[in-house]
Structure formats: C-alpha cells, structure tokens
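# Structure at a glance
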Amino acid sequence: MKIKLNYQAAIKVALLAGVVLLAGSVSIPGSIKGTTQTPVESLSAVREAPELYIGQEGRFGGKVISILNNNQTRLEIAVMPLSKYDAAPRLNTPSVGRIYAYIGSFLEPSDFSGHCIINSHQQFLGRCCC
C-alpha cells in the first residue's frame with residue numbers, strides 16, 4: 001500500500017503555519033504600551049477638540065524634526081500613522097501633522113540627526129501645536 005503525498009498541499013500548510021506563527025509574535029513593545037488598552041492615536045481628533053483629551057494617554061510616532069533643550073527637552077515630531085501590529089510609524093505615508101513631546105531630561109541633539117524615527121507615549125496637557 002502506497003501513500004501518496006501531495007507536495008503542493010504540504011507546502012501550503014507549512015507556509016500558512018509559518019505566517020500564523022509570525023503574526024502571533026508581533027506585538028506593541030512594552031516601552032510604548034502605556035497603561036490603557038486604547039490610547040488616542042488620531043492626531044486629527046486631538047487637533048479638533050484638545051480639551052476632550054486632557055489627561056488621556058496618546059501614542060504617536062514619526063520623524064524627529066527638531067530638538068530644543070532648556071529645562072527639559074522638547075522634541076518636535078512629524079507624526080505619521082502607526083502600524084496596527086507593532087505601533088511603528090509607517091514611513092511610506094505622509095505626515096498627518098506635528099506634535100511636541102516633552103522629556104524631563106537632556107537629550108543630545110546629535111543622537112537624533114538624520115531624522116530619527118521615534119514613538120511617543122504621553123499624557124495630553126491640553127495644548128495642541130499642530
């Protein structure tokens with residue numbers, strides 16, 4: 001008794017299993033996850049009614065445009081839509097606006113030269129620069 005193996009079906013099953021395993025392993029990094037399940041990611045919504053988002057967590061990412069160091073560091077970020085899988089900025093899309101992210105310590109501007117890509121996860125203060 002011979003058993004016939006359908007190689008095309010076996011390859012399809014192996015590829016499907018690989019895709020499922022890879023898809024399950026992609027997730028949002030803990031450093032930008034925050035404490036809420038659904039942080040605000042719509043810059044246009046915040047721009048239209050910033051007072052509604054005071055105290056809420058927001059997650060944005062994009063390219064660093066400028067850095068200003070005084071008592072704290074202010075990053076100006078050109079915001080891009082985030083990937084739904086890992087919250088990384090989608091670099092192949094146009095900017096949807098700009099935000100300021102404030103950091104309580106000094107950041108070396110030369111570390112961000114060349115339009116560094118960054119994610120910011122902070123609470124809204126009620127101001128909107130965009």
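Residues numbered from 1 in each chain as written. Predicted model: local features only at pLDDT ≥ 70, side-chain atom pairs only at ≥ 80, totals over all residues. Heavy atoms only, no water.

## Notes on the overall build of the protein chain
Counting secondary structure elements, the protein chain contains 2 helices and 4 strands. The proportion of buried residues among the 130 residues of the protein chain is 28%. Nonlocal contacts in the protein chain, meaning residues at least 24 apart in sequence, comprise 59% of its contacts between residues at least 6 apart. (Helix = DSSP H or I, 4+ residues; strand = E, 2+ residues; numbered from the N terminus. Buried < 20%, exposed > 50% of the residue type's maximum accessible area, 1.4 Å probe, protein only. Contact = heavy atoms within 4.5 Å.)

## Section: the environment of F60
As for its placement among the helices and strands, F60 is situated in strand β1 (residues 57-69). Overall, the relative accessible area of 5% leaves F60 in the buried class. Residues F60 and M80, 20 residues apart in the sequence, show an inter-C-alpha distance of 7.6 Å.

## A look at the confidence of the model for the protein chain
Caution is warranted with low-pLDDT regions, since their predicted coordinates should not be read in detail. Of the residues in the protein chain, 62% reach a pLDDT of 70 or more, and the chain-wide mean stands at 75. Mean pLDDT across the elements of the protein chain bottoms out in helix α1 (residues 7-25) (54) and peaks in strand β2 (residues 73-80) (89). (pLDDT = per-residue confidence, 0-100.)

## Description of the side chain of T73
Take T73: it is sitting in strand β2. T73 gets classed as buried once you look at its relative accessible area, which sits at 0%. At 3.1 Å, the side chain of T73 and the backbone nitrogen of L107 are in polar contact. Once you skip the residues sitting within four places of it in the chain, T73 turns out to touch I67, L68, A101, Y102, I103, S105, F106 and L107. (Polar contact = N/O pair within 3.5 Å; in protein donor to acceptor, adjacent residues only side chain to side chain.)

## Regarding the packing of aromatic side chains
Taken as a whole and assessed by the stated rule, the structure comprises 1 aromatic pair. A ring pair is formed by Y100 and Y102, whose centres lie 6.5 Å apart and whose planes are at 65°; its orientation type is edge-to-face. Residue Y102 is classed as partly exposed on the basis of its relative accessible area, which comes to 26%. When the ring centre of Y100 is taken as reference, the NZ or CZ atom of R74 above it lies at 4.0 Å. (Phe/Tyr/Trp six-rings, centres within 6.5 Å; stacked < 30°, edge-to-face > 60°. Lys NZ or Arg CZ within 6 Å of the ring centre and 35° of its normal.)

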